[in-house]
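# Structural characterization, general
This is what each chain is made of:
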Amino acid sequence: MYVCMCHAVTEDQVKRAIDGGANTPRQIAKGCKAGTDCGSCVRRIQALLGEHGARPCPTARLAARLGLADPTAEEAAGPAVAPGPVSAPAPLRAA
């Protein structure tokens, strides 16, 4: 499965980079350029890093909630908490 459509990088390529010692999205990007164009793949790369124990990722829980992480990792992390409602910003008033 493709992780990065901009540079045609597959999940297997990212996993090989992790196995080769990459432990941050930046290190993965150095090898294959994934995450350097539009950025839509960065969350998936972070989830893969978290799943493979390369580095505790601050967004691993978000990735799990979005269904991007390994389902067994979700069970180990405990129940996901749904975020509260987001309120719209107050309109600006002209002075």
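This text goes with the structure placed above it.
Let me begin by describing the structure that accompanies this report. Predicted, not measured: the structure shown is a model, and the values here were computed from it. (Residues numbered from 1 in each chain as written. Predicted model: local features only at pLDDT ≥ 70, side-chain atom pairs only at ≥ 80, totals over all residues. Heavy atoms only, no water.)

### With respect to helix α3 (residues 42–51)
Turning to α3, its buried residues number three or more, namely Arg 44, Ile 45, Gln 46, Ala 47, Leu 48 and Leu 49. Among the residues trailing α3, Gly 53 stands out with phi positive, at a value near 70°. (Buried < 20%, exposed > 50% of the residue type's maximum accessible area, 1.4 Å probe, protein only. Helix = DSSP H or I, 4+ residues; strand = E, 2+ residues; numbered from the N terminus.)

### A closer look at the nonpolar core
Ranked by size, the top nonpolar core spans 13 residues in total, and within it Val 3, Val 9, Val 14, Ile 18, Ile 28, Ala 34 and Ile 45 carry the most contacts. Those elements giving two or more residues to this core turn out to be β1 (2–4), α1 (11–19), α2 (25–32) and α3. For this core, the leading source of residues is α3, giving 3 residues. If we skip the residues at most four places from it in the chain, Ile 45 touches Val 3, Pro 25, Ile 28, Ala 34 and Gly 35. (Core = buried A, V, L, I, M, F, W, Y, C linked by side-chain atoms within 4.5 Å. Contact = heavy atoms within 4.5 Å.)

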